[in-house]
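Chain by chain, the residues run as shown.
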Amino acid sequence: MNIVEVIGQLADLKSIDYRNTLAISVLIDLFIDKGIITRDEFARRATELEGETMAEIIMKRRIGR
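Residues numbered from 1 in each chain as written. Predicted model: local features only at pLDDT ≥ 70, side-chain atom pairs only at ≥ 80, totals over all residues. Heavy atoms only, no water.

A few words on helix H3 (residues 54-63). Every α-helix carries 3.6 residues per turn, so stepping three or four residues along brings you back to the same face. Counting buried positions over the 10 residues of H3 gives one, only a small fraction of the element. One or two positions beyond H3, positive phi appears at Gly64, with a value near 80 degrees. (Buried < 20%, exposed > 50% of the residue type's maximum accessible area, 1.4 Å probe, protein only. Helix = DSSP H or I, 4+ residues; strand = E, 2+ residues; numbered from the N terminus.)

This next bit is on a nonpolar patch on the surface. On the surface, Met1, Ile3, Val4, Val6, Ile7, Leu10, Leu13 and Ile16 cluster together into a nonpolar patch covering about 820 Å² of accessible area. Examined against the element boundaries, Val6 turns out to sit in helix H1 (residues 3-33). (Patch = residues over 30% accessible without salt bridge, like charges linked within 9 Å, V, L, I, M, F, W, Y side chains within 5 Å. Areas by Shrake-Rupley, 256 points an atom, 1.4 Å probe, with all protein chains shown as cover. Salt bridge = Lys/Arg side-chain N within 4 Å of Asp/Glu carboxyl O.)

Right, let's get into the pattern of salt bridges. Counting across every chain of the model gives two salt bridges. In this structure, Asp29 and Arg39 form a salt bridge, with 3.7 Å as the shortest nitrogen-oxygen distance. You can see Asp29 sitting in helix H1 and its partner Arg39 sitting in helix H2 (residues 39-50), a full 10 residues away along the chain. Looking at Asp29, the relative accessible area reads 35%, which means it is partly exposed. In this structure Arg39 comes out as exposed when scored by relative accessible area, which is 52%.

Let us now look at the environment of Leu27. Tracing the chain through its elements places Leu27 in helix H1. A relative accessible area of 45% places Leu27 in the partly exposed class.

Detailed reading of the predicted coordinates is not advisable wherever pLDDT is low. In the predicted model, the protein chain carries a mean pLDDT of 89, and the fraction of residues at 70 or more is 98%. Averaged pLDDT values over the elements of the protein chain bottom out at 81 in H3 and peak at 92 in H1. (pLDDT = per-residue confidence, 0-100.)

Next up on the list: H1. With 31 residues, H1 ought to run about 45 Å at 1.5 Å a step, and its terminal C-alpha atoms sit 45 Å apart, in line with that. N-cap assignment for H1: the residue whose side-chain oxygen lies 3.0 Å from the backbone N of Val4 is Asn2. Gly35, located one to two residues past H1, shows a positive phi value of around 75 degrees. (Expected span 1.5 Å × (residues − 1). Polar contact = N/O pair within 3.5 Å; in protein donor to acceptor, adjacent residues only side chain to side chain.)

Below, the structure is given as structure tokens:
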């Protein structure tokens, strides 16, 4: 793989990352606007998840938390 291909793939990843981040932001805003969650609930949950490993998150989901 040459350097031009690598740079092209990195540009593609940045674009995909941007679109995914935008989609997540839109969903969060819609949930907040519709009263499904509050900003505080979201922030609190994000802080909780930030401290957990992926394995812990998956295990909690399987056991129904």
